[in-house]
Amino acid sequence: MAAAGAVAAPLVVPARALGLDGNVPPSERIIMGGLGVGNRGFHDLNWMLPEPDIQWVAICDIKKSSRERVKKAVDDKYGNSDCKMYSNVTEFLATRPDIDALLIATGDRWHALMAILAMRAGKDVYSEKPSCMTIAEGKAVLETQKRYGRVYQTGTQRLSEANHVFCIEMARSGRLGPVHTAYAHIAPWDSAEMRTDWLPEQPLPPKEELDWDAWLGPCPWRPYNKAYVDGAWRGHFDFHTSCIGEWAAHTFAQAQAGLDMLHTSPVEYEYVKNDSGDGMVTRFANGVKMILSRFDKHWHGSCGERFDGPEGWCAAADGYGQPDVSNPKMLAEFKKVIGDYQARTGRPMSHVRDFFNCVKSRRLTVANAEVMYRSMATVHAANICMWLKRDLKFDPVTGTFPNDPEANRFVSRAMREPYVY
């Protein structure tokens, strides 16, 4: 009788599992995890979780408080306690073949190595920026992406925001005439020349709370100081890409997109005698200039770009209601320019949605590995120009400085075992 009763009892399957009521069935969901999801990464997490075809299942972080914060957010979202926590990236990658894609939001020093390890493990990657610490690291990410056929998106999200896309398309499409100059914003704090000392040693926390050796990763050994973990790693040569990399990891890609130069980097860098690189003129092989600008004299707001041509100029930055233009009549084309862009590219006006769409379609993302490599090579070449205090010539084909062994010493950095690719 019990068996008969069991057979007769109705089977209740949640609508979510069947893909009903607007839910996406499990077979069509992208299984997601995170590597190093701190403050910026938590913003990305909250950006990704509402997407209906995403299922977040795990977090790997060397910091216990970050692991627990992410787990709580994910479990609260799904109403369960299923999000798993890990502290060792090697174990994590080896034991979770079910995960399709990873958000990488560590500090700068780990971005490239994490991306390479993840793609080798068969994962697609959304990596926060700056996505590499050296020209050689960026090239290695690109080569790994090509070899393993993974989808890669760097977190230069303004390439997917309408105001920036409008300015980029105004320049790229010729509406400004042949653009002769672009301006790209660099961070108005810190300097290009970073600290090479280290902070005073403090007692190490328990490894379960924070794995300091893993926090350092490929960087040289440094004594523990809590300030590093709280964000004071910025401004230190071991860990950072300077005031240039802080914002130009975004804005060089934005400017290069409008110049239709995402496949290359400038070939000339003119040293400027200041501490930031403000006013540095870089030139592409066709003679078009891209100028570094520390202050908002070409726009208002942060992370801006501007394009100047014989028919006018256009600029955008964060916090804009609409782009700045030399002639207000240009804005009458705003919807058409964005519509034409979307029709031509098939891109949404959402950076994470573009990534997820590409995970499914296997096409290149808007901020793919080559876009990252070329714009970050520009960042690093500009930094090297400032460090050596002289003009430089760069070969984008080889990723080196021709006949310049002094500059080529900075193309790569030694990586500390076992944190190597």
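Asker: Explain the pairing of strand β1 (residues 30-35) here, please?
Answerer: One face of the sheet, then the other: side chains in a regular strand alternate in exactly this way. Taking burial as the measure, the six residues of β1 include six buried ones, the bulk of the element. Where β1 and strand β2 (residues 54-60) come together, six bridges link them in parallel fashion. Each bridged residue has a counterpart across the sheet, and for Ile31 the counterpart in β2 is Gln55. Note that the unit made of β1, helix α3 (residues 39-48) and β2 has a crossover that is right-handed. When β1 meets strand β4 (residues 101-104), the two strands line up parallel, connected through four bridges.

Asker: How should I be thinking about the pattern of salt bridges in this particular structure?
Answerer: A side chain of one charge can pair with a side chain of the opposite charge when the charged atoms of the two come close. Taken as a whole and assessed by the stated rule, the structure comprises 32 salt bridges. In this structure, Arg362 engages Asp124 in a salt bridge whose closest nitrogen and oxygen atoms are separated by 2.7 Å. Linking Arg362 in the loop between α13 (351-361) and α14 (369-388) with Asp124 in strand β5 (residues 124-127), this pair joins segments that are 238 residues apart in sequence. Note on Arg362: relative accessible area 38%, which makes it partly exposed.

Asker: What am I meant to see in the nonpolar core here?
Answerer: Nonpolar side chains in soluble globular proteins tend to end up buried together. Ranked by internal contacts, the top residues of the largest apolar core, which has 112 residues, are Phe92, Phe166, Trp215, Ile244, Phe307 and Phe401. It is α14 that contributes the most residues to this core, 14 residues altogether. The next biggest cluster of nonpolar side chains, apart from the first, holds 25 residues, and it includes Val37, Ile54, Leu103 and Val151.

Asker: What is the right way to read unusual backbone geometry from this model?
Answerer: Negative phi is the rule for most residues except glycine; trans is the rule for most peptide bonds. Residues Lys129 and Pro130 are joined by a peptide bond in cis, for which omega reads -10°. For Pro130, the position within the fold is in the loop between β5 and α7 (135-148). The step from Glu417 to Pro418 runs through a cis peptide bond, and the omega angle for that step is 0°. Counting through the fold element by element, Pro418 comes out in the segment after α15 (405-408). Backbone geometry at Cys303 places phi at a positive 55°, although glycine is not the residue there.

Asker: What should I look at first to understand the sheet that holds strand β3 (residues 84-86) in this one?
Answerer: The pairing of strands in a sheet happens through backbone hydrogen bonds and is either parallel or antiparallel. Pairing is parallel across the open sheet formed by six strands, whose spatial order is β3-β2-β1-β4-β5-β6. The sheet is open, and its two edges are formed by β3 and β6 (152-154), each paired on a single side. In this sheet, adjacent strand axes meet at a mean angle of 20° when their direction is disregarded. In this sheet, β3 lies alongside β2 in parallel orientation, the contact comprising three bridges. Across the sheet, the residue bridging to Ala58 is Lys84, located in β3. On the sheet, helix α4 (residues 64-78) packs against β2 and β3 and is oriented at approximately 160° with respect to β2.

Asker: Is there a simple way to think about helix α12 (residues 334-345) in this case?
Answerer: Three- or four-residue spacings in an α-helix give side chains the same orientation, since the helix completes a turn every 3.6 residues. Taking 1.5 Å of rise per residue, 12 residues should cover 16 Å, and α12 covers 17 Å from first to last C-alpha, within 8% of that figure. Those residues of α12 not exposed but buried are Val337, Ile338, Tyr341 and Thr345. The arc that holds every buried residue of α12, seen down its axis, measures 95°, which confines them to one face. Along α12, the residues that are exposed and aim more than 90 degrees away from the buried face are Lys335 and Ala343. Where the residues of α12 are buried, they touch α8 (162-172).

Asker: Sorry, what's going on with the sheet that holds strand β7 (residues 181-185) here?
Answerer: An order of β13-β12-β11-β7-β10-β9-β8-β14 is seen for the eight strands of this open sheet, with the pairing classed as mixed. What marks the edges here is a single partner per strand, and that holds for β13 (324-325) and β14 (392-393). Two elements, strand β11 (residues 305-309) and strand β12 (residues 312-316), share five bridges in a ladder whose sense is antiparallel. Within β12, the residue paired with Gly309 across the bridge is Gly312. Along the sheet, helix α11 (residues 242-258) makes contact with β7, β10 (289-293) and β11, crossing β7 at roughly 155°.

Asker: How do you make sense of the pairing of β10 when you look at a structure like this?
Answerer: Within β10, four of the five residues are buried, which leaves the element mostly enclosed by the surrounding structure. Across five bridges, the pairing between β7 and β10 is parallel. Across the sheet, Ala182 pairs through a bridge with Met290, a residue of β10. Direction of pairing for strand β9 (residues 281-283) relative to β10: antiparallel, over a ladder of three bridges. Opposite Thr282, over in β10, you have Met290 as the bridge partner.

Asker: Looking at this model, I keep getting lost on the environment of Trp247. Mind explaining?
Answerer: Mapped onto the secondary structure, Trp247 falls in helix α11. Judged by relative accessible area, which is 13%, Trp247 ranks as buried. Between the C-alpha atoms of Trp247 and Glu68, which are 179 residues apart in sequence, the distance is 30 Å. Residues contacting Trp247, with those up to four places away along its chain left out, are His185, Ile186, Ala187, Pro188, Trp189, Ser302 and Cys303.

Asker: How should I be thinking about the packing of helix α6 (residues 108-120) against α7 in this particular structure?
Answerer: Think of two packed helices as two axes; the pair is described by the angle between the axes and how far apart they sit. In contact at an axis separation of 9 Å, α6 and α7 are set at 15° when each is read in the N-to-C sense. By the criterion of interaxial angle, the relationship of α6 to α7 is roughly parallel. In the packing of α6 onto α7, the handedness of the crossing is left-handed. Contacts between α6 and α7 involve Ala112, Ile116, Met119 and Arg120 from the first element and Glu137, Ala140, Val141, Thr144, Gln145 and Tyr148 from the second. Looking at side-chain class alone, the contact of α6 with α7 contains six nonpolar, two polar and two charged residues.

About the criteria used
Residues numbered from 1 in each chain as written. Predicted model: local features only at pLDDT ≥ 70, side-chain atom pairs only at ≥ 80, totals over all residues. Heavy atoms only, no water. Buried < 20%, exposed > 50% of the residue type's maximum accessible area, 1.4 Å probe, protein only. Helix = DSSP H or I, 4+ residues; strand = E, 2+ residues; numbered from the N terminus. Pairing = 2+ DSSP bridges. Right-handed = clockwise from strand over helix to strand, strands pointing away. Salt bridge = Lys/Arg side-chain N within 4 Å of Asp/Glu carboxyl O. Core = buried A, V, L, I, M, F, W, Y, C linked by side-chain atoms within 4.5 Å. Axes fitted to C-alpha atoms, helices over the stretch in contact; angles between N-to-C directions. Contact = heavy atoms within 4.5 Å. Expected span 1.5 Å × (residues − 1). Arc of directions from axis to C-beta. Parallel < 35°, antiparallel > 145°, perpendicular 65-115°, else oblique. Left-handed = near helix turned anticlockwise from the far one by under 90°. Nonpolar A, V, L, I, M, F, W, Y, C, P; charged D, E, K, R; others polar.

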